[in-house]
Amino acid sequence: MRATPFFLAILSTMTPSLVIGQETTTYPPLPGETGTYPPTPPETPPPENVIQAILSGIGSGFLGTQNFPPIHHWPEEEGLAYENVTFTSEDGVSCSGWFIPAQGSDKIIIANHPRWFNRAGIPEYSEADARAPGSWWAVNFVPDYKILHDAGYNILAYDYRNHGLTDSTYAHTLGLLEAHDVAASLRYVRSREDTKHMKIGLFSRCVGANANLHASTLYPELFENVQAQVFAQPLTVRVRMSRIMEYAGISDDYSEAVSDSIRNTTGYGFADYELVPLAEHVQIPTFVFQVHDDFNTRPSDVQSVFDAIPIEDKKLYWIQGTNRRWHAYSWFQEHPEQVVDWFDRLMV
Ligand SMILES: *[C@@H]1O[C@H](CO)[C@@H](O)[C@H](O)[C@H]1NC(C)=O
Ligand SMILES: *[C@@H]1O[C@H](CO)[C@@H](O)[C@H](O)[C@H]1NC(C)=O
């Protein structure tokens, strides 16, 4: 167990330029990095056989049978007491998680993790194996739970399908079927004697945010006592794929073929994965944050999801000073105030 919270340790080692109140951090380059980010597209498009191989690789990248990293951090590292819990989604997936109690509190945050992560964060990869290009360092989410716990929140942090200790299924569906796991987590909180009357907040990142959006459209009745939600980097599949193709030097004319390749594996194409039509139904105060220059997407993607949310009580925060996606996943533990204030104001 560390004496210094993780986020303070980071601040003391990364020599950021930090402006209190504006929260502008200049993130240093990663030691030993060799790649160029964003990647530079080739001058001429690849030959057709290479394009076809890339297209089929995109489809098979959605298979659910990939071997994901195990849980690599535990709540006791931050001195947190917890319970291992499981609950089952409507389509039979057994989900595994931690319930971290906060004595005397009637508020609970359910944490939904990003793709490639699990409830504990993500271990380090080599640069070549980065899950998002240029983002290959480890992220530990346990300090996030410590911050929320100390701010007076119970936590339910779980792994959705194909991640951590939760069951595997045939395909990753970037939020579409993972929505059933979000629904199961809400039902689970409602089913426990000690949590059933709690006010609920959702802290949902990347595909966890996509899944949250799909779930709130599919199961609106389960969101009735959700009082606040925070989304880090919801991501529209079509936009992500257009950037992958751009960096590979492949024309937009192949967009339909990419959609078909994903449909071949998952049963769903681009149109099914759009987030704006889901955001139009949001009735819960929502705080969205995103690395503005994240080259895996475009700022217009998150901006359009945010703009589509039809209620007044919403907020968008751009993280500046980096173009790396993972920086959004340690941003909360470096700068907890905005998110904690959001939950504190709304979960009363
Ligand atoms: C939770 O489960 C893990 C094994 O998956 C075990 O090592 C750990 O001791 C359990 N923790 C508690 C509090 O039961
Ligand atoms: C469809 O997916 C299966 C399973 O991944 C694969 O074997 C097959 O080649 C794919 N077909 C096309 C047209 O991509």
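Please refer to the structure placed before this passage.
These notes cover the structure that comes with them. Numbering of residues begins from 1 in every chain and follows the order in which that chain's sequence is written. For this description, chains carry letters from A and ligands carry numbers from 1, given in the order in which they are written. A pLDDT threshold of at least 70 governs which residues receive local features in this predicted model, and a stricter bar of 80 or more applies before side-chain atom pairs are shown or counted, although totals over entire chains, interfaces and linings include all residues.

Right, let's talk about the overall build of the chain for a bit. Only runs of H or I of at least four residues qualify as helices and only runs of E of at least two qualify as strands under DSSP, and these elements are numbered from the N terminus. A tally of regular secondary structure across the chain gives twelve helices and ten strands. Only C-alpha atoms enter the radius of gyration, while the globule expectation follows 2.2 Å times N to the 0.38, with N the number of residues. Over its C-alpha atoms the chain spans a radius of gyration of 20 Å, differing by no more than 12% from the 20 Å that the globule rule assigns to 348 residues. In terms of overall dimensions, the chain has a C-alpha envelope of 65 × 45 × 40 Å along the principal axes. Residues with at least 20 neighbouring C-beta atoms inside 10 Å of their own are called buried, those with 12 or fewer are called exposed, and the rest are partly exposed, where every C-beta is derived from the backbone. For the chain, with 348 residues in total, the buried portion stands at 44%. Contacts are defined on C-beta atoms placed from the backbone: any two residues whose C-beta positions lie within 7 Å are in contact. For the chain, the proportion of contacts with a sequence separation of at least 24, taken over those separated by at least 6, is 80%.

With that settled, consider the pairing of strand 6 (residues 154-159). Most of strand 6 sits inside the fold, with six of its six residues counted as buried. Alternating residues of strand 6 divide into Asn154, Leu156 and Tyr158 and Ile155, Ala157 and Asp159, and every residue in both groups is buried. Strand pairing is assigned whenever DSSP identifies at least 2 bridges connecting the two strands. Here strand 2 (residues 94-100) runs beside strand 6; their pairing, made up of five bridges, is antiparallel. Each residue of the ladder has a partner; that of tryptophan 98, found in strand 6, is alanine 157.

Before going further, it helps to examine the nonpolar core. Nonpolar side chains in soluble globular proteins generally cluster together in the buried interior. Of all hydrophobic cores here, the largest spans 85 residues; its most connected members are Ile108, Ile109, Ile110, Ile155, Leu156 and Val189. A total of seven residues in this core trace back to one element, the largest contributor, which is helix 4 (residues 179-191). Valine 189 has contacts with Ile108, Ile110, Leu156, Thr195, Met198 and Ile200, leaving out every residue within four places of it along the chain. Buried Ala, Val, Leu, Ile, Met, Phe, Trp, Tyr and Cys residues form a nonpolar core when they are connected through C-beta atoms within 7 Å.

In this section: the sheet that holds strand 2. Taken together, eight strands build an open sheet; the order of strands is 1-2-6-3-7-8-9-10 and the sheet is mixed. One side of each edge strand has no neighbouring strand; the edge strands of this open sheet are strand 1 (83-88) and strand 10 (314-319). Going across the sheet, the axis of each strand differs from the next one's by a mean of 20°, ignoring polarity. By the bridge criterion, six bridges tie strand 7 (residues 199-205) to strand 8 (residues 226-232) in an arrangement that is parallel. Counted as the bridge partner of glycine 201 is alanine 228 from strand 8. Every axis in this analysis is a line fitted to C-alpha atoms, fitted for helices over the stretch in contact. Angles between the N-to-C directions lie between 0 and 180 degrees. Docked against the sheet, helix 3 (residues 142-150) engages strand 2, strand 3 (107-112) and strand 6, running at close to 155° with respect to strand 6. With respect to the sheet, helix 11 (residues 327-334) is in contact with strand 7, strand 8, strand 9 (286-291) and strand 10, its orientation differing from that of strand 9 by roughly 120°.

Turning our attention to the site of ligand 2. Residues are classed as near a molecule or strand if the C-beta position derived from their backbone is within 6 Å of it. Taken together, Ser56, Gly59, Ser60, Ser261, Asn264 and Thr265 make up the full set of residues adjacent to ligand 2. Where the shell around ligand 2 is concerned, the elements lending two or more residues are helix 2 (48-60) and helix 7 (255-266). Asp, Glu, Lys and Arg are counted as charged, while Ala, Val, Leu, Ile, Met, Phe, Trp, Tyr, Cys and Pro are counted as nonpolar; the rest, among them Gly, fall into the polar class. Each residue belonging to the shell around ligand 2 can be placed in one class, and the counts come to no nonpolar, six polar and no charged.

The interhelical angle for the contact between helix 4 and helix 5 (residues 207-218), taken along N-to-C directions, is 70°, at an axis separation of 8 Å. With respect to helix 5, the axis of helix 4 lies roughly perpendicular. Within the contact between the two elements, helix 4 uses Ala179, Asp181, Val182 and Ala183 and helix 5 uses Ala211, Asn212, His214, Ala215 and Leu218. Among the residues making up the contact of helix 4 with helix 5, the classes are represented as six nonpolar, two polar and one charged. Throughout this description, any angle smaller than 35 degrees is read as roughly parallel, any larger than 145 degrees as roughly antiparallel, any in the 65 to 115 degree range as roughly perpendicular, and the remainder as oblique.

This next bit is on the pairing of strand 10. Taken together, the six bridges between strand 9 and strand 10 define a ladder with parallel strand orientation. Opposite phenylalanine 289, over in strand 10, you have tyrosine 317 as the bridge partner.

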